Every structure is written in structure tokens, then in C-alpha cells.
Amino acid sequence: MLDLKFLRTHRDKVEAGIALKGASVDLARFYQIEERRLAVLHETEQLKAKRNSASEHIADKKKRGDDASADIAEMRELGDKVKDLDTELRQLEEESLSLSAWFPNLPHPSVPPGQDASQNQVVRHWGEKPTFDFEPKAHWDLATNLGLLDFERASKISGSGFLLFTGRGAKLERALINFMLDFHVEKHGYMEVSPPHVVRRAALFGTGQLPKLEGDMYHIGEDDLFLNPTAEVPVTNIYREEILEPGMVPHYVTAYCASYRREAGAAGRDTRGMVRVHQFDKVECVKFVAPETSYEEHEKLAQDVSDIFEALELPYRVLLLCSGDMSFAAAKCYDFEVWSPGQGAWLECSSCSNFEDFQSRRMGLRFRREQGAKAEFPHTLNASGVALPRTFATLLENHQRADGSVAIPKALQPYLGGLTELRPETK
């Protein structure tokens, strides 16, 4: 959530930033309410001061034995008016907060202006696209031939958009998760957690998924809970409504958590294979940092993601998202796309975002720099470190061989019992 004081005093910047995000919000109504709210607040404070003065005047009259009935009647009238104004003030404050909850975070000055993904900027490449002396297969053919995935039985269990890993495929998925968790803990200094897979409305509001994205989530109606739509939600909300004591910031947390999305509005898009699915495994990295260090920490977080792709020997590129392609809550975001030889396309496998204090305000999360110091809002950052389905898919495609086998990157081999390749199993 944006700082209400900032909203009130920097209207031009707010309007410009929201326009850059391409958001449709009722700013005019918000400022109309704020104008009336301030007027009511001023009038209420004046009447309360007048009422207090009248109360003292009545007390003095009573001490002297004078008739104070007219003053008492006037004070009651003042009290009734104050009561009505207090009611109006509460209603105005509620509507103001309700409207501001729909205001997106404003883009950082370094974010390029733009309306959609076509205006994102490629800022870095790593690795070379592999060249083959054969026609490279898509991951769905490789996975089926190698006995790693059973798309038909997954659909029988849950419908389209779900995956059933089988045999060495299930082991490879688990190996990738364990490899990434160990990498972030041992080499990057994150604390590992294992969070719940269901989250409350307050948690989703805190990280900015609600109220905007409810249609993309699986809702458990009886309990008013949601299946976690992205691992960012449970991990970032661990410290919601808390004050982190001195020494706790910066704080880095990583977790494996399955995520679930209905993908409303995505029907017919990328439906084959693993590119767009409703349930996907993910290793998440979240940072809680001091405001003045957050953009340095953002670059470090991006490097943490890079380290994973490089260890897996996957060619990737980094995109700086334009203002109109960023998420509701992000102030700046990098997307990591891995090359897919089987599809001849770049596939997004991670997003790395800085939310500044947008999420911490919504969560009521603060921190102290030292004992007794004023509590401040930390900046929050997160990245997929990384998302599994597309990483699994591009790993197969980039490391495939002419005979249908797939080489295992050296960094992953210890997690597969020393296995160096995947070959079709002989029957």
C-alpha cells in the first residue's frame, strides 16, 4: 500500500506513476474524499475544542451557583454534531482506505516506461543457445519418451493443466528442489522454512494479490482460505503485523512451496506440456531489508537467481520490465527467461522484484534499527529461485542428445545418486 501521506501531498507523482502502470483506479474520487475528510477532521477538532471549553465554563458556573442550563443545552448540541461528524469521518476513512487498496505500487525511476511486454528491455545474456545436428524435440516428447511424465493420467486425476511426474521424473523434480534449497542456504545465506500451502485473505492482501487477482486463485469457500497462488505469499507474510527487532534486518528466507493458479483468462494459451499449468513447484527467495539498501539487495537477489541457471548450464537472458508489464505490487522487476530449443522461444522461469515498502505497509510489518528506535517499514523483495516446470522443461530441451537421451548437469548429479544422463528405459 502506498503511504497515505505521500498520496495526499504528491498528487502529480501519484497520477503519473499510476498512469505508467496502466492501472484504472478512481483517483478523482480518492482526492475528493480526502478533501472532505480533512475538512470534516478540521471541523471536528474545532467543535471538540469548543465543547471542552464549554464544559470548563459550565463547571465554573456550577461552582458559583449560576444557572448553566443554556450552556448545557448548547454543549449537548455540540456533542451531537461531533458524534455525527465522527461517524462521517469513519466512513470517509474507510472509503479512502478501500480505494487506496486498489492503487498499484509506483514504478522506480529506473524502470522504462511502456505499455506491455514488447517494451521490456533485455539487459543481459548468459550462455550460448545450443546448436544441434538434429531436430531438437520439445520437452513433452522427451519427457514422455524417457518415462518422466504421464500427461494423460494427470488429466484423468485432476483435469487439464496438472502434471504427474513418474519414476526418474519425480526424482528429477525432487532433486531440483533440494539442489536449489541447498544452494540458497549454503551459498547465499538464506534461512530455509517450509510454509503452509493455504493462506488467509489478510496474507493475500498483504503481498498485493488481493483484491485484484482473486479470480486467478483456488478458493476454499467453507473456510475462506485460498490455495497459495505463489510461494511469495506465505513466506513474505511470516512476519506480518510484527516488529523485527534490531539485528533481524537484513533477513533472507527461502522455501519450497507448491503453488496453485486457476489461470483465469488463459484458456487456449501454451496448453501443451509444462509451460502453463495450474499446480507448479517453486523455490522462493524473500528478503527483508533496510530501505536505503534495497536496490543493492535487488541486484544481489538477481545474481542469486542467475547462479541457479548457470549451475544448471541453461542459457538465459534478463529483462528489465517496463512500467506497464510489472505486477501490481512491484516497483522494479527483472524477468529471467531460459531458451527453449524445442519451442524456439524464451520461457520465463523467474521474476525478481523489489516492492519497496508497499507490501510491508499492507502487512503492518516494521523493524527497529536499534533498541528504543522508532519502528520503520522495511523493503521487501522476492524472486523465484526458481520455478520448476519451465526449468524442468528447458533442462531437458537444452541438454538433449540425438539418441533421445538427456545429459544431467554436473551440479545436479549428486542429487540423483551420481546419475550423469537420462536414457529411455529398456523394457
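Refer to the structure printed above.
Residues numbered from 1 in each chain as written. Predicted model: local features only at pLDDT ≥ 70, side-chain atom pairs only at ≥ 80, totals over all residues. Heavy atoms only, no water.

This part is about the packing of aromatic side chains. Two numbers describe a pair of aromatic rings. These are the distance of the centres and the angle of the planes. Enumeration over the complete set of coordinates arrives at 14 aromatic pairs. Geometrically, the ring pair formed by Phe179 and Tyr415 is edge-to-face, given 5.9 Å between the ring centres and 75 degrees between the ring planes. Taken as a pair, Phe179 in helix H7 (residues 168–186) and Tyr415 in the loop between strand E16 (406–407) and strand E17 (421–422) lie far apart in primary sequence, 236 residues in all. Judged by relative accessible area, which is 28%, Tyr415 ranks as partly exposed. Ring geometry for Tyr316 and Phe336: centres 5.9 Å apart, planes at 40 degrees, overall tilted. Note that Tyr316 is positioned in strand E11 (residues 316–320) and Phe336 in strand E12 (residues 332–340), a separation of 20 residues in sequence. Classification of Phe336 by relative accessible area gives buried; the value is 0%. (Phe/Tyr/Trp six-rings, centres within 6.5 Å; stacked < 30°, edge-to-face > 60°. Helix = DSSP H or I, 4+ residues; strand = E, 2+ residues; numbered from the N terminus. Buried < 20%, exposed > 50% of the residue type's maximum accessible area, 1.4 Å probe, protein only.)

Buried residues dominate helix H12 (residues 388–398), accounting for eleven of its eleven residues. Of the positions making up H12, those classed as buried are Leu388, Pro389, Arg390, Thr391, Phe392, Ala393, Thr394, Leu395, Leu396, Glu397 and Asn398.

Let us now look at unusual backbone geometry. With an omega of 10 degrees, the peptide bond running from Val249 to Pro250 counts as cis. Note on placement: Pro250 falls in the loop between strand E6 (243–244) and strand E7 (251–256). Following Gly385, the chain continues to Val386 via a peptide bond in cis, the omega torsion being 15 degrees. Summarising the element assignment, Val386 is placed in strand E15 (residues 379–387). With phi around 50 degrees, Asp224 is a residue other than glycine that occupies positive phi space. Within the element layout of this structure, Asp224 appears in the loop between strand E4 (219–220) and strand E5 (225–227). The partly exposed category is assigned to Asp224, whose relative accessible area is 33%.

Let us look at the sheet that holds E15. Taken together, eight strands build an open sheet; the order of strands is E1-E11-E12-E13-E15-E10-E7-E2 and the sheet is mixed. Two strands bound the open sheet, and with one partner strand each, they are strand E1 (121–126) and strand E2 (191–193). This sheet shows a mean twist of 25 degrees between the axes of neighbouring strands, independent of strand direction. Of the strand pairs in this sheet, E2 and E7 are connected by three bridges, and their pairing is parallel. Across the sheet, the residue bridging to Met191 is Val253, located in E7. In this fold H7 packs onto E2, E7, strand E10 (282–289) and E15, with an angle of close to 170 degrees to the strand it touches most, E7. Taken strand by strand, helix H10 (residues 294–311) contacts E1, E7, E10, E11, E12, strand E13 (345–354) and E15, and its axis lies near 5 degrees from that of E15. (Pairing = 2+ DSSP bridges. Axes fitted to C-alpha atoms, helices over the stretch in contact; angles between N-to-C directions. Contact = heavy atoms within 4.5 Å.)

Okay, the pairing of E15 next. By the criterion of burial, E15 is predominantly enclosed, with nine of the nine residues buried. In this structure, E10 lies alongside E15, joined through seven bridges in antiparallel fashion. Residue pairing across strands places Glu284 opposite Ser384, the latter belonging to E15. By the bridge criterion, three bridges tie E13 to E15 in an arrangement that is antiparallel. Its bridge partner being in E15, Cys352 is matched across the sheet by Ala383.

Between the first and last C-alpha of helix H4 (residues 69–100) there are 46 Å, a value that for 32 residues agrees with the 46 Å anticipated at 1.5 Å per step. Looking at H4, one finds that the buried residues are Asp71, Leu78, Gly79, Val82, Leu85, Leu89, Leu92, Ser96, Leu99 and Ser100. In this structure, the buried residues of H4 make contact with helix H1 (4–9) and helix H3 (27–64). (Expected span 1.5 Å × (residues − 1).)

A few words on the sheet that holds strand E3 (residues 198–200). Within the open sheet, the three strands sit side by side as E3-E5-E4. Their pairing is antiparallel. Because the sheet does not close on itself, it has two edges, and the strands there are E3 and E4. Two strands pair when backbone bridges link them, and E3 and E5 are joined in this way by three bridges, in the antiparallel orientation. From the neighbouring strand, Val199 faces E5, where its bridge partner is Phe226.

The subject of this paragraph is the nonpolar core. As a rule of thumb, soluble globular proteins bury nonpolar side chains together. Leu176, Phe309, Phe336, Phe392, Leu396 and Leu412 are the most contacted members of the largest nonpolar core, which totals 52 residues. Considering every element that reaches this core, the biggest residue donor is H7, with eight residues. With sequence-adjacent residues up to four places away left out, Leu412 is seen in contact with Leu172, Ala175, Leu176, Phe179, Leu312 and Leu395. Counting 29 residues, the second largest nonpolar core, distinct from the first, contains Leu92, Leu319, Phe328 and Phe358. (Core = buried A, V, L, I, M, F, W, Y, C linked by side-chain atoms within 4.5 Å.)

Quick look at a negative patch on the surface now. The grouping of Glu74, Glu77, Asp80 and Asp84 at the surface amounts to a negative patch. Considering the arrangement of structural elements, one finds Glu74 in helix H4. (Patch = residues over 30% accessible without salt bridge, like charges linked within 9 Å, V, L, I, M, F, W, Y side chains within 5 Å. Areas by Shrake-Rupley, 256 points an atom, 1.4 Å probe, with all protein chains shown as cover. Salt bridge = Lys/Arg side-chain N within 4 Å of Asp/Glu carboxyl O. Lys, Arg positive; Asp, Glu negative; His and termini not counted. Charge placed at Lys NZ, Arg CZ, Asp CG, Glu CD.)

Its location among the elements puts Gly344 in the loop between E12 and E13. Overall, the relative accessible area of 47% leaves Gly344 in the partly exposed class. Along the backbone, Gly344 and Ala138 are 206 residues apart, and their C-alpha atoms lie at a distance of 9.3 Å.

Quick look at the environment of Gln279 now. Within the secondary structure, Gln279 sits in strand E9 (residues 279–280). Sequence-wise, Gln279 and Leu388 are 109 residues apart; in three dimensions their C-alpha atoms are separated by 10 Å. Residues within four places of Gln279 in sequence aside, it is in contact with Gly161, Phe162, Ser259 and Tyr260.

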